[in-house]
Structures are given as C-alpha cells and as structure tokens.
Amino acid sequence: MTVQTRTRIGSLFENAKGQGSKPFIAYLTGGDPTPERTAELILALERGGTDLIELGVPFSDPIADGPVIQRASERALAAGTRLPHLLEIVRTVRRSSEIPILLFSYMNPLLRYGFDKLGADASEAGIDGVLMTDLCVEEAEEPVTRLRRHGLDTVFLAAPTSSERRLQLVAEHSSGFVYLVSRTGVTGEQQSISEAAAPLAHRMRRITALPLAIGFGISTPEQVAETAQVADGVVVGSSIVKCIEVNASAPDLPAKVEIFVRHLTSLLPAKLSAKGTA
C-alpha cells in the first residue's frame with residue numbers, strides 16, 4: 001500500500017484526541033438545492049460547529065439512503081449537478097476554509113470519472129478522502145491504491161452485521177477513520193440510538209487504532225452527545241439534509257443551517273467549553 005502523508009482528516013482526529021473533543025461530521029448532498037449554494041452551505045456548517053464535511057455525490061439510485069437523502073439527490077441531479085461540479089465547489093470552499101472534506105459516493109459516478117483521474121483532480125481541488133458506499137471491501141484494494149497514490153484517505157463502512165473478516169478488511173483499507181453504521185437499513189432520523197452501536201465500536205477497537213465515527217439515525221443534540229460517549233466522532237446526515245429541504249427557498253438558508261447545526265452540537269463538551277469562552 002502506498003505510504004501517504006497525513007490529511008486534514010487525520011490531523012483533525014489527532015488534534016481532537018489531544019484536546020479530549022469529539023469531531024462533529026455533517027453530511028450534505030452536493031448540489032442540493034442548487035450547485036451554486038453548496039459552497040456557502042459548507043461554510044455555514046463550519047460556522048455552526050461542524051469539524052468535517054461529508055460531501056455527497058448525487059446519484060440516481062442511492063440504495064443505502066432513506067427518503068430524505070433520496071429526494072436531495074433528485075433535486076441535485078435535476079439542478080444539473082455532476083461530480084465535476086462538486087470538485088469546483090470544493091475549490092471555491094478552499095479559498096476561505098481548511099475544513100476537512102470527504103467525498104461520499106456510490107461507485108457508478110466514480111467509475112465513470114475514472115479512479116486515476118479522480119485521485120489527481122480531487123487532491124488538486126482540496127478533497128481529503130473518499131468514502132465509497134457500495135464498494136465491496138473484498139474488492140477494494142485496487143481503487144484504494146489508486147486513491148492513496150494521490151494522498152487521499154479512503155474510508156469504509158462497518159455495520160453491526162459485519163463478520164470479523166470483513167471488519168479486518170475495513171480496517172486494512174481505511175485511513176483517516178472508520179465509519180460505523182449504527183444500525184442496519186437505510187439512513188434516516190430515529191427516535192433513539194441503536195443498541196448495536198457500542199458493541200460494534202468495541203469489536204472494531206480490538207482490530208484497529210483508527211478513529212471510529214458513528215452515523216445513521218442520529219438527529220438530536222442528546223443523540224449526538226450519547227454517541228460521542230462511545231465514538232471518536234459523530235455523523236449527522238438526514239436531519240441536516242431535511243433542514244436544507246424545508247428551507248431551500250429561504251434567502252437566509254445558510255443562516256438557518258448554521259443555527260440548526262449549532263443546536264445539534266450544543267451538548268458536546270468541547271463545544272460547550274468553546275461557547276463558554278466566547
């Protein structure tokens with residue numbers, strides 16, 4: 001495997017560990033509601049307390065996503081959003097922000113673009129890593145090698161149903177962090193945190209020293225804080241995408257997203273201490 005330098009993602013988790021904080025990771029679908037608004041939404045998420053952005057590549061058949069993110073993909077595609085647009089959006093963000101950005105995609109758009117070209121272009125644009133949601137980890141070695149060659153992290157999903165062998169492969173092919181899916185099924189808001197999250201984290205910690213981030217179904221400040229007790233990072237997606245959907249036509253959409261994320265992160269200890277010194 002090609003040796004790579006530490007990305008913004010790796011530095012984020014290293015610094016967070018030293019400070020005793022837990023990074024908040026926000027997902028949004030690139031191009032929703034329009035490509036022109038995505039850069040300002042990323043900056044709004046950062047102002048609200050987001051530490052890492054998962055930038056979703058819109059796809060016509062997002063099988064792992066619930067209805068909220070499915071609708072976001074439909075809106076983004078209808079607005080003409082494609083992978084090259086997202087690279088340009090990241091270039092715009094990099095003019096004023098160093099927030100880590102992870103490209104979150106199904107395989108089809110990446111295969112069409114080509115992994116060698118993607119690695120070079122994504123790295124040049126300022127992307128830090130790629131998460132391939134539907135790539136079988138047993139077949140990941142070649143894409144991982146091509147992306148790592150350009151200094152990009154590769155992040156893989158581990159689920160409560162994953163076998164020990166699959167968890168080992170996830171650890172082997174991941175860099176930056178490992179994304180733990182807290183429950184089986186599709187993305188979407190839930191009333192409570194899955195009881196499977198903590199046992200999965202325990203299993204994964206026996207295999208790897210990489211940071212562990214937990215996502216799927218987290219949608220309230222209480223759930224964010226609870227998840228942070230067992231994970232190194234917390235991922236929220238559907239509730240943020242829903243906030244964008246509900247306020248899509250509002251002139252102050254970025255401000256509304258910023259306020260919402262500030263609410264979601266309000267019970268994280270590091271966020272509370274930061275606010276106390278403001």
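Structure: above.
Bear in mind the structure is a predicted one, so any value in this text is a computation, not a measurement. (Residues numbered from 1 in each chain as written. Predicted model: local features only at pLDDT ≥ 70, side-chain atom pairs only at ≥ 80, totals over all residues. Heavy atoms only, no water.)

1. Some thoughts on the pattern of salt bridges
Inference 1: Within the structure shown, the criterion is met by 20 salt bridges.
Inference 2: A salt bridge links R8 to D128, with the nearest nitrogen and oxygen atoms 2.7 Å apart. Within this pair, whereas R8 is found in helix α1 (residues 8-19), its partner D128 is found in the loop between α6 (115-125) and β4 (129-132), the two being separated by 120 residues in sequence.
Inference 3: Since its relative accessible area comes to 27%, R8 is described here as partly exposed.
Inference 4: Ionic pairing is found between R166 and E138, a salt bridge with its closest N-O pair at 2.7 Å. You can see R166 sitting in helix α8 (residues 164-173) and its partner E138 sitting in the loop between β4 and α7 (141-148), a full 28 residues away along the chain.
Inference 5: It is possible to trace a salt-bridge network through shared partners that takes in R8, R94, E98 and D128. (Salt bridge = Lys/Arg side-chain N within 4 Å of Asp/Glu carboxyl O. Helix = DSSP H or I, 4+ residues; strand = E, 2+ residues; numbered from the N terminus. Buried < 20%, exposed > 50% of the residue type's maximum accessible area, 1.4 Å probe, protein only.)

2. Section: unusual backbone geometry
When glycine is set aside, most residues are seen to have a negative phi, and most peptide bonds are trans.
Inference 1: Between D32 and P33 the backbone carries a cis peptide bond, its omega angle lying at 5°.
Inference 2: By secondary structure assignment, the location of P33 is in the loop between β1 (24-29) and α2 (35-48).
Inference 3: At F216, a position not held by glycine, the phi torsion is positive, near 85°.
Inference 4: Positionally, F216 belongs in the loop between β8 (212-215) and α10 (221-228).

3. Some points on α6
Inference 1: F115, L118, G119, D121, A122 and A125 are the residues of α6 that are buried.
Inference 2: Against the buried residues of α6 lie α4 (83-93), β3 (101-105), α5 (107-113), β4 and α7.
Inference 3: The positive-phi residue at the C-terminal boundary of α6 is G126, with phi of around 110°. (Contact = heavy atoms within 4.5 Å.)

4. A closer look at the side chain of D65
Inference 1: Here D65 is to be found in the loop between β2 (52-56) and α3 (67-78).
Inference 2: In this structure, D65 is buried with no salt-bridge partner, the nearest side chain bearing the opposite charge being R75 at 12 Å.
Inference 3: A distance of 3.0 Å separates the side chain of D65 from the side chain of Y106, its partner in a polar contact. (Lys, Arg positive; Asp, Glu negative; His and termini not counted. Polar contact = N/O pair within 3.5 Å; in protein donor to acceptor, adjacent residues only side chain to side chain.)

5. Things to note about the packing of aromatic side chains
Inference 1: Within this structure, the stated rule accounts for 4 aromatic pairs.
Inference 2: Measuring from ring centre to ring centre gives 5.4 Å for F13 and F177, while their planes differ by 40°; the resulting arrangement is tilted. Taken as a pair, F13 in helix α1 and F177 in the loop between α8 and β7 (178-181) lie far apart in primary sequence, 164 residues in all. Each member of the pair, F13 as well as F177, carries the same accessibility label: buried.
Inference 3: On the basis of an interplanar angle of 75° and a centroid distance of 5.3 Å, the ring pair of Y27 and F104 is categorised as edge-to-face. With a gap of 77 residues between them, Y27 in strand β1 and F104 in strand β3 connect regions that are remote in the sequence.
Inference 4: The class of F104 is buried, set by a relative accessible area of 10%. (Phe/Tyr/Trp six-rings, centres within 6.5 Å; stacked < 30°, edge-to-face > 60°.)

6. Describing the packing of α4 against α6
Inference 1: The geometry of α4 relative to α6 is characterised by a closest axis approach of 8 Å and an angle of 25° between their N-to-C directions. The pairing of α4 with α6 is recorded here as roughly parallel in orientation. Residues L83, L87, V90 and R91 of α4 touch α6, and the partners they reach there are L118, D121, A122, E124 and A125.
Inference 2: Looking at the contact of α4 with α6 residue by residue, the classes come out as 6 nonpolar, no polar and 3 charged. (Axes fitted to C-alpha atoms, helices over the stretch in contact; angles between N-to-C directions. Parallel < 35°, antiparallel > 145°, perpendicular 65-115°, else oblique. Nonpolar A, V, L, I, M, F, W, Y, C, P; charged D, E, K, R; others polar.)

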